[in-house]
Amino acid sequence: MPFPMPIMEEQQLAGNCYFITLDLRMGYHQIEMDEDSKKYTAFVTTDGHYEFNRMSFGLVNAPAMFQSVMNRVIAKMSPGEIMVYLDDVIISSTTIEEGLKRLSKFLNILRGYKLTLRLAKCQFLATQVLHLGHIIGKNDWLYTMQIQDENLREIISILKGDVKSPNDDILRKEYCLQKHRLYRREADGLKFVVPKYVRWRVVQLCHDRMGHFALEKTIERIRQNFWFAKIRKAVRDTKTAHVINAINDLTTYFGLPSKIVTDRGTAFTSKVFESYCNDNGIHHIKTAVRTPRANGPNELIFDFDLRNIVHNELIAAVNDDTHDNVNQTTMAEKRILTAENIARERQVENTI
């Protein structure tokens with residue numbers, strides 16, 4: 001059974017001053033293989049046929065299995081004391097004494113599971129560590145998040161005077177630092193500069209969790225407190241024209257659907273979309289209003305079983321090559337030709 005991997009962006013390290021990073025020695029190989037599963041690890045060399053007695057790094061479910069084991073290990077620790085991502089462990093604390101106490105507790109747990117560490121890769125009670133590509137320190141977590149972005153880190157360094165730049169005057173007019181955090185000067189006040197790695201979360205917060213507002217309203221909400229380049233591009237437009245273009249791109253390879261099931265967003269309730277469905281003989285079904293389970297699902301129901309999209313693209317490409325006037329072929333004609341070729345391919349497969 002698949003085991004969910006942790007999302008590192010959701011890990012909480014803020015408010016701590018000391019960090020201990022631990023690395024398990026030869027991680028996966030510390031997990032013993034079940035006797036019935038060893039046959040699935042078999043490989044052949046010039047010296048003969050072999051099987052792994054310990055979990056191999058090449059197994060598909062090895063990461064999830066190892067994470068499951070580590071989660072059972074840290075389950076004996078209190079929430080917030082320790083975080084684990086595969087074989088990378090980080091223990092955070094506000095004081096040295098607290099850190100040593102948590103470390104001792106974790107080492108005793110490891111001993112019980114007969115797991116060992118690689119001492120050369122461990123750090124103890126550091127005020128700043130590199131963990132999974134992120135710089136973790138005692139600074140404010142918002143500042144720590146900003147300096148993960150190379151562009152923002154450079155601007156911060158310039159504003160602090162650590163780095164010289166020919167654009168120094170321009171940057172100081174556009175940006176400023178408050179409590180180490182980087183802000184953008186806008187006409188209506190200072191806006192927190194969002195690093196590129198978390199922009200999608202800001203968009204999600206201002207749209208999905210605020211009531212699914214339209215494009216302009218979502219952008220307005222973002223700009224109340226935040227700033228980042230190309231905000232409009234980061235917020236996906238759901239106007240009818242964009243929805244129809246997306247459906248056209250999909251159905252060019254699959255053929256037209258017999259039904260489309262959508263929610264009651266304005267993109268789907270517009271007269272333009274209804275005309276599009278009527279013109280193409282598509283039965284449009286709208287889900288019930290004020291029903292939480294109906295919020296969001298959109299489906300295309302085809303008259304034929306969907307196949308691998310790459311295969312369908314190849315069929316469409318071959319079909320295009322067999323016609324001299326490809327550029328003059330309308331989208332409707334192309335869909336019909338594609339559907340016919342897919343049906344023909346299926347008949348051939350059924351006879352084999």
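A brief report on the enclosed structure follows. Not measured: the values here are computed from a predicted model.

1. Details of helix α11 (residues 271–279)
Buried residues of α11: Phe 273, Tyr 276 and Cys 277, and no others. Seen end-on, α11 carries its buried residues on one side only, within an arc spanning 95°. Opposite the buried face of α11, by more than 90 degrees, sit the exposed residues Lys 271, Val 272, Asn 278 and Asp 279. Gly 281 lies just past α11 and shows a positive phi near 65°.

2. Points about the pattern of salt bridges
Side chains carrying opposite charge are able to pair once their charged atoms draw close together. Considering all chains together, one arrives at nine salt bridges under this definition. Glu 98 is the salt-bridge partner of Arg 102, the closest N and O atoms lying 3.1 Å from each other. Taken together, the residues Arg 102 and Glu 98, both in helix α2 (residues 96–113) and four residues apart, mark about one turn of the helix. Look at Glu 98 and you get partly exposed, because its relative accessible area is 26%. When the shortest N-O distance is used, the salt bridge between Arg 184 and Glu 174 registers 3.6 Å. With Arg 184 in strand β10 (residues 181–186) and Glu 174 in helix α5 (residues 168–174), this residue pair connects regions lying ten residues apart in the sequence. Among the residues examined, Arg 184 registers a relative accessible area of 16% and is labelled buried. Here the salt bridges do not stand alone but share partners, grouping Glu 174, Arg 184 and Glu 186 into one network.

3. Points about the packing of helix α6 (residues 199–207) against helix α7 (residues 215–225)
Axis separation between α6 and α7 bottoms out at 9 Å; the angle between their running directions is 115°. Once α6 is placed against α7, the crossing between them reads as right-handed. Where α6 abuts α7, its residues Val 202, Val 203, Cys 206 and His 207 lie against Thr 218, Arg 221 and Ile 222. Taken together, the residues of the contact of α6 with α7 break down into four nonpolar, two polar and one charged.

Conventions we followed
Residues numbered from 1 in each chain as written. Predicted model: local features only at pLDDT ≥ 70, side-chain atom pairs only at ≥ 80, totals over all residues. Heavy atoms only, no water. Buried < 20%, exposed > 50% of the residue type's maximum accessible area, 1.4 Å probe, protein only. Helix = DSSP H or I, 4+ residues; strand = E, 2+ residues; numbered from the N terminus. Arc of directions from axis to C-beta. Salt bridge = Lys/Arg side-chain N within 4 Å of Asp/Glu carboxyl O. Axes fitted to C-alpha atoms, helices over the stretch in contact; angles between N-to-C directions. Left-handed = near helix turned anticlockwise from the far one by under 90°. Contact = heavy atoms within 4.5 Å. Nonpolar A, V, L, I, M, F, W, Y, C, P; charged D, E, K, R; others polar.

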